[in-house]
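# Fold and contact review
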Amino acid sequence: MKKETGKSAKDYVHLRIMNLAKEKILDESKSVSEIAYELGFKYPQHFTRMSKNSMGVSPTEYRSVN
C-alpha cells in the first residue's frame, strides 16, 4: 500500500473515511452521532476527534461553514 499510494494502510483508510464523512456531514437530516455510527465508529467522540485532526474543525463546525 505504501509503495502505491505513499500512505500507510491506516492513513489511507482514515482518508477514505473522512472523505465519506465530509459528504455525510452536509446532510443535515442526520445528527453527527448517527453519521459516526454509520461510518463504523463505536463512539461519536472518536469521530469528532478524528475530524478535528483531519479537517481542522469538528463535524458541527464543518457543517456550519459549508
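Bear in mind the structure is a predicted one, so any value in this text is a computation, not a measurement.

## Considering the nonpolar core
Within the largest apolar cluster, 13 residues are counted, with the highest numbers of intra-cluster contacts made by Ile17, Met18, Ala21, Ile25, Leu39, Phe41 and Phe47. Those elements that place two or more of their residues in this core are helix H2 (9-25), helix H3 (32-38) and helix H4 (44-55). Per-element accounting of this core gives the leading share, 4 residues, to H2. With residues near it in sequence (within four places) discarded, Met18 still touches Phe47, Met50, Ser51, Ser54 and Met55.

## Quick look at the packing of aromatic side chains
Each aromatic ring pair is summarised here by two numbers: the centre-to-centre distance and the angle between the ring planes. Tallied over the full model, the rule gives 1 aromatic pair. On the numbers, 5.3 Å between centres and 55° between planes, the contact of Phe41 with Phe47 is tilted. Neither Phe41 nor Phe47 differs from the other in exposure class; each is buried.

## As for H2
With 17 residues, H2 extends 24 Å between its outermost C-alpha atoms, agreeing within 8% with the 24 Å of an ideal straight helix rising 1.5 Å per residue. Inspection of H2 places Ile17, Met18, Ala21 and Ile25 among the buried residues, and these make up the whole buried set. For H2, the angular spread of the buried residues around the axis is 100°, confining them to a single face. Looking at H2, the residues exposed on the side facing more than 90 degrees away from the buried face are Arg16 and Glu23. On its buried face, H2 sits against H3, H4 and helix H5 (59-65).

Rules used in this analysis
Residues numbered from 1 in each chain as written. Predicted model: local features only at pLDDT ≥ 70, side-chain atom pairs only at ≥ 80, totals over all residues. Heavy atoms only, no water. Core = buried A, V, L, I, M, F, W, Y, C linked by side-chain atoms within 4.5 Å. Buried < 20%, exposed > 50% of the residue type's maximum accessible area, 1.4 Å probe, protein only. Helix = DSSP H or I, 4+ residues; strand = E, 2+ residues; numbered from the N terminus. Contact = heavy atoms within 4.5 Å. Phe/Tyr/Trp six-rings, centres within 6.5 Å; stacked < 30°, edge-to-face > 60°. Expected span 1.5 Å × (residues − 1). Arc of directions from axis to C-beta.

In short, shape yes, function no, at least from these values alone.
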